[in-house]
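So the chains spell out like this:
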Amino acid sequence: MPQKKQSRRVAAWIYAVINPIINSLERELSLLDSGNLTWRPHLGRCEMIRTIQEYVDSAQWPNYQDFLAEHPNSVFRPGFDQHDSDVRTLNTVAQELFNRMLSWSKFSDALDVALGTYERQRASLDPQFPMLVHTAKDVPKLAAEYVINNAQTLPSHYTISAFWNLLGKELIAFRNLPEFQALHRCKDRLAENSSKLKQALESYRLSLSRDYDVPAAPVPGLSFEE
Amino acid sequence: MTLSPAIFGPQVLIFDTGPLRELVLYSAVHTLKFDTLKGQLRHLRTASSYQRLTEFIASFGKKTTTPHVVAEISSKIIRTERKGQSAIWGLIYTEFSSMGMDEGVLKLLEMPQDLVADIGAVDVSVLELGLTFRAHKSLVISIDDALIAECKRAGVAAQNLWEVIA
């Protein structure tokens with residue numbers, strides 16, 4: 001029966017393509033909602049916010065291509081393209097902002113003031129708080145990264161956590177300046193499109209499940225063989 | 001007068017696989033929302049235990065491990081979440097750079113062969129690193145009781161993760 005044959009192929013789309021993309025978009029939306037872009041200077045891109053194809057296990061890319069080939073006129077192809085374009089734009093804007101912050105006197109002045117305050121208060125606050133004067137050249141890059149990623153607090157074992165958890169909010173406030181508007185716009189546009197894409201995929205998964213009698217997630221012991 | 005352990009206690013923290021894996025998994029689950037990995041967390045099950053561990057780590061001036069430990073962590077995590085390999089590697093890089101982690105290279109041929117045959121190359125690399133840093137007041141953190149016992153026999157301070165987070 002063609003229907004039976006098709007159902008296995010549909011199961012491959014759901015389990016290997018649609019579900020991983022939905023799960024990744026959920027995670028992406030959660031990160032975007034908190035403002036954590038996971039943007040890393042050494043990568044020049046967001047670490048956890050990726051293109052759609054990267055959300056699929058590379059061993060399943062043939063199923064991903066099969067899914068795209070069978071849905072040439074669906075909302076998914078333009079939706080995926082738009083998502084990937086938004087991610088690229090976000091990466092570019094974050095990189096430009098990072099570069100700007102490193103040469104921005106207003107930011108470096110604020111950072112110097114915060115570091116000075118930290119060094120003056122450090123010993124009296126906690127003898128374990130490390131001196132940062134020896135790592136001063138690394139601090140601006142870390143601070144710019146944490147501001148871009150809206151890192152409100154850092155885990156205690158991070159090298160500048162004592163400084164950041166004490167005075168980082170004064171630097172996080174730079175996010176309210178007009179220079180950050182482009183970044184916020186890109187993030188919001190990506191979140192809006194990712195949310196629509198996720199809904200469209202969930203809706204399509206439901207219709208596939210109904211039409212082909214394929215569960216939305218694999219059920220142990222339930223086979224498609226009869 | 002009580003001497004502050006932060007000043008007079010161990011200065012170098014040496015990570016075995018278990019505690020590092022837990023740190024990376026905790027970040028993956030709670031910061032990056034890899035919910036599928038939640039079941040893999042064996043020790044850091046609460047925010048307070050994570051907080052206690054990070055504060056403990058922060059009290060050491062130097063944090064280090066061995067490439068053998070890194071290889072063991074990566075293989076365990078990669079087996080756990082195949083489709084997230086790239087993301088998990090990114091997390092390991094971020095965690096290492098954020099905490100200022102160092103690595104001490106130890107060649108296999110410089111490790112005692114009988115000890116490697118007995119407890120494995122990863123454990124021996126950690127023990128040897130502990131011996132290297134013994135003069136700097138090192139402490140090995142592990143979840144492996146056999147390694148902890150071997151460290152103590154060799155005169156290297158070692159502590160179980162449970163003692164830190166309990």
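Treat the numbers as computed from the prediction; the structure is a model and nothing was measured.

(A) Representation of the environment of Phe107 of chain A in the model. Residues and elements named next belong to chain A. Relative to the helices and strands, Phe107 resides in helix 4 (residues 105-125). For Phe107, a count of 20 C-beta atoms within 10 Å translates into the label buried. Between the C-alpha atoms of Phe107 and Asn149, which are 42 residues apart in sequence, the distance is 16 Å.

(B) Here's a closer look at the domain arrangement of chain A. Residue and element names in this part refer to chain A. Domain parsing of chain A yields domain 1 (2-93 + 191-212) and domain 2 (105-176). Placing a centre on the C-alpha atoms of domain 1 and another on those of domain 2 gives a separation of 37 Å. Across the contact, eight residues belong to domain 1 and five residues belong to domain 2. Residue composition of the side of domain 1 that touches domain 2, by class: three nonpolar, four polar and one charged.

(C) Spotlight on the confidence of the model for chain B. All names here are of chain B. With 90% of its residues at a pLDDT of 70 or more, chain B shows a mean pLDDT of 86. Confidence drops under pLDDT 50 across residues 1-7; counting only partners more than four residues distant or on other chains, this segment forms six contacts. Of the two predicted TM-score estimates for the complex, the pTM is 0.85 and the ipTM is 0.81.

(D) Representation of the interface of chain A and chain B within the structure. Between chain A and chain B, the residue contacts involve 16 residues of the former and 18 residues of the latter. Of the residues forming the side of chain A that touches chain B, the biggest block, four residues, is contributed by helix 1 (residues 2-34) of chain A. Taken together, the residues of the side of chain A that touches chain B break down into six nonpolar, six polar and four charged.

(E) View of helix 2 (residues 61-69) of chain A. All names here are of chain A. Among all positions in helix 2, only Asn63, Tyr64 and Phe67 are buried. Summarising the axial view, the buried residues of helix 2 lie within an arc of 105°, below the 170-degree limit, and thus occupy one face. The outward face of helix 2, more than 90 degrees from its buried face, is lined by the exposed residues Pro62 and Ala69.

(F) Layout of the pairing of strand 1 (residues 12-15) of chain B. All names here are of chain B. Of the two faces of strand 1, both are covered, the one formed by Val12 and Ile14 as well as the one formed by Leu13 and Phe15. Of the strand pairs in this sheet, strand 1 and strand 2 (residues 62-65) are connected by three bridges, and their pairing is parallel. Across the sheet, the residue bridging to Val12 is Lys62, located in strand 2. In this structure, strand 1 lies alongside strand 4 (residues 138-142), joined through four bridges in parallel fashion. The partner of Phe15 across the bridge, within strand 4, is Ile141.

Quick notes on the rules
Sequence order sets the numbering: in each chain, residues are counted from 1 along the sequence as written. All chains are assigned letters beginning with A, and all ligands numbers beginning with 1, in the order in which they are written. In view of the model being predicted, local features appear only for residues whose pLDDT reaches at least 70, and side-chain atom pairs are presented and counted only at 80 or more, with totals across whole chains, interfaces and linings using the full set of residues. Strands are runs of DSSP state E lasting at least 2 residues, helices are runs of H or I lasting at least 4, and numbering of each runs from the N terminus. For the exposure call, what matters is how many other C-beta atoms sit within 10 Å of a residue's own: 20 or more marks it buried, 12 or fewer exposed, and in between partly exposed, using C-beta atoms placed from the backbone. Boundary definitions for the domains trace back to an automatic or database domain assignment. Contacts are defined on C-beta atoms placed from the backbone: any two residues whose C-beta positions lie within 7 Å are in contact. Under the scheme applied here, ten amino acids are nonpolar (Ala, Val, Leu, Ile, Met, Phe, Trp, Tyr, Cys and Pro), four are charged (Asp, Glu, Lys and Arg), and all others, including Gly, are polar. Across the chain, each position has a pLDDT score giving the predictor's confidence in that residue, from 0 to 100. Directions are taken from the helix axis to each C-beta atom, and the arc is the one they span. Two strands pair if DSSP finds at least two bridges between them.

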